[in-house]
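Residue-level structural notes
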Amino acid sequence: SQKIEQNSEALNIQEGKTATLTCNYTNYSPAYLQWYRQDPGRGPVFLLLIRENEKEKRKERLKVTFDTTLKQSLFHITASQPADSATYLCALFVNTNAGKSTFGDGTTLTVKP
Amino acid sequence: ETGVTQSPTHLIKTRGQQVTLRCSSQSGHNTVSWYQQALGQGPQFIFQYYREEENGRGNFPPRFSGLQFPNYSSELNVNALELDDSALYLCASSPPSGDRGSWGYTFGSGTRLTVV
């Protein structure tokens, strides 16, 4: 069956370090993958999108990689700040024109001062 | 530009009742998707509406139904509520079709539904 796993439920790091979050999937051939940030009691906020034929995308302190051979995406936050503390979700889209998307359960990142 | 607006923000219903949740999409967006998010889990795709028609559905029973209106706003209806329907219901809008692999969804803050 199709499955998405995000590496751990919680990740604690020190301010200034790089946070690395993992999204692994099985039995999918995603057309693209998105990363979202979700704060408690709020809806997810879109951060980055990467397509199946792209290896890496960057946006300010954020970097996403996509390895379709390993069936894995890595999400990096460099020079992390306490304000980066939130839950981060990955989402797979199998077909560029289909509505269905599949989200992981998220990883809660805590950045300590 | 306005974002996605959902109403109500909180709702308490009794098992067996019916509920209607509403969503106004972001200006310029013509596609609306609905998700159910249980505590501690990721959003689960319910269905998507495009041009007032259902465009994709997740693994939810028929008692979950929806509508999209000409102004692209949308409703989610749930009949015969069960205790397990207690969750945060999220609405997300997206721009007109084209290169769908170039944008992300804009989510509302959700409706917290509690079934007792």
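The text that follows walks through the structure, step by step, so that each part is easy to find. The model shown is predicted, which means the values in this text are computed figures rather than measured ones.

Considering the overall build of chain B
Of regular secondary structure, chain B possesses zero helices and eleven strands. Listing every helix and strand of chain B by position from the N terminus yields β-β-β-β-β-β-β-β-β-β-β. For 116 residues, the compact-globule estimate of 2.2 N^0.38 gives 13 Å, and chain B sits close to it at 14 Å. Taken along the three principal axes of its C-alpha coordinates, chain B extends 40 × 25 × 25 Å. Of all intrachain contacts in chain B linking residues separated by at least 6 positions in sequence, the fraction that spans at least 24 positions is 56%. Carbon and sulfur atoms provide 47% of the accessible area of chain B, an area that totals close to 5,300 Å². Chain B carries 8 positive and 9 negative side-chain charges, and their two centres are separated by 6 Å.

Thoughts on the environment of Asn27 of chain A
Residues and elements named next belong to chain A. Relative to the helices and strands, Asn27 resides in the loop between strand E3 (19-26) and strand E4 (32-38). Residue classification places Asn27 among the partly exposed residues on the basis of a relative accessible area of 49%. Taking the C-alpha atoms as reference points, Asn27 and Arg42, 15 residues apart in sequence, are found 30 Å from one another.

A look at unusual backbone geometry
At the junction of Ser7 of chain B and Pro8 of chain B, the peptide bond is cis and its omega measures out at -10° in the coordinates. Mapped onto the fold, Pro8 of chain B is located in the loop between strand E1 (5-7) and strand E2 (10-13).

Considerations on the interface of chain B and chain A
Opposite the 22 residues of chain B that make contact, chain A presents 21 residues. Across the interface of chain B and chain A, roughly 1,700 Å² is buried in total on both sides, 48% from carbon and sulfur atoms. Counting across the chain B and chain A interface gives zero salt bridges. On the surface where chain B and chain A come into contact, there are four residue pairs in polar contact (both at pLDDT 80 or more). At the level of elements, strand E4 (31-37), strand E5 (44-50), strand E6 (53-57) and strand E9 (87-94) of chain B are the ones that each hand at least two residues to the side of chain B that touches chain A. Of the residues contributing to the side of chain B that touches chain A, the split by class is eight nonpolar, eleven polar and three charged.

Quick look at the pairing of strand E1 (residues 3-6) of chain A
Residues and elements named next belong to chain A. Only one face of E1 is buried, namely the one carrying Ile4 and Gln6, since none of Lys3 and Glu5 on the opposite face is buried. The pairing of E1 with E3 spans four bridges and is classified as antiparallel. Its bridge partner being in E3, Ile4 is matched across the sheet by Tyr25.

Focus: the side chain of Gln6 of chain A
Residues and elements named next belong to chain A. The residue Gln6 is located in strand E1 in this model. Within the local environment of Gln6, its side chain forms a polar contact with the backbone nitrogen of Cys90, the two atoms lying 3.1 Å apart. Within polar-contact distance, the side chain of Gln6 engages the backbone nitrogen of Gly106 at 2.9 Å. Not counting residues up to four positions away in its chain, the partners in contact with Gln6 are Thr22, Cys23, Trp35, Tyr88, Leu89, Cys90, Gly104, Asp105, Gly106 and Thr107.

About the cut-offs
- Residues numbered from 1 in each chain as written.
- Chains lettered and ligands numbered in written order.
- Predicted model: local features only at pLDDT ≥ 70, side-chain atom pairs only at ≥ 80, totals over all residues.
- Heavy atoms only, no water.
- Helix = DSSP H or I, 4+ residues; strand = E, 2+ residues; numbered from the N terminus.
- Rg over C-alpha atoms; globule rule 2.2 N^0.38 Å.
- Contact = heavy atoms within 4.5 Å.
- Areas by Shrake-Rupley, 256 points an atom, 1.4 Å probe, with all protein chains shown as cover.
- Lys, Arg positive; Asp, Glu negative; His and termini not counted.
- Charge placed at Lys NZ, Arg CZ, Asp CG, Glu CD.
- Buried < 20%, exposed > 50% of the residue type's maximum accessible area, 1.4 Å probe, protein only.
- Buried area = accessible area lost by both parts, 1.4 Å probe.
- Salt bridge = Lys/Arg side-chain N within 4 Å of Asp/Glu carboxyl O.
- Polar contact = N/O pair within 3.5 Å; in protein donor to acceptor, adjacent residues only side chain to side chain.
- Nonpolar A, V, L, I, M, F, W, Y, C, P; charged D, E, K, R; others polar.
- Pairing = 2+ DSSP bridges.

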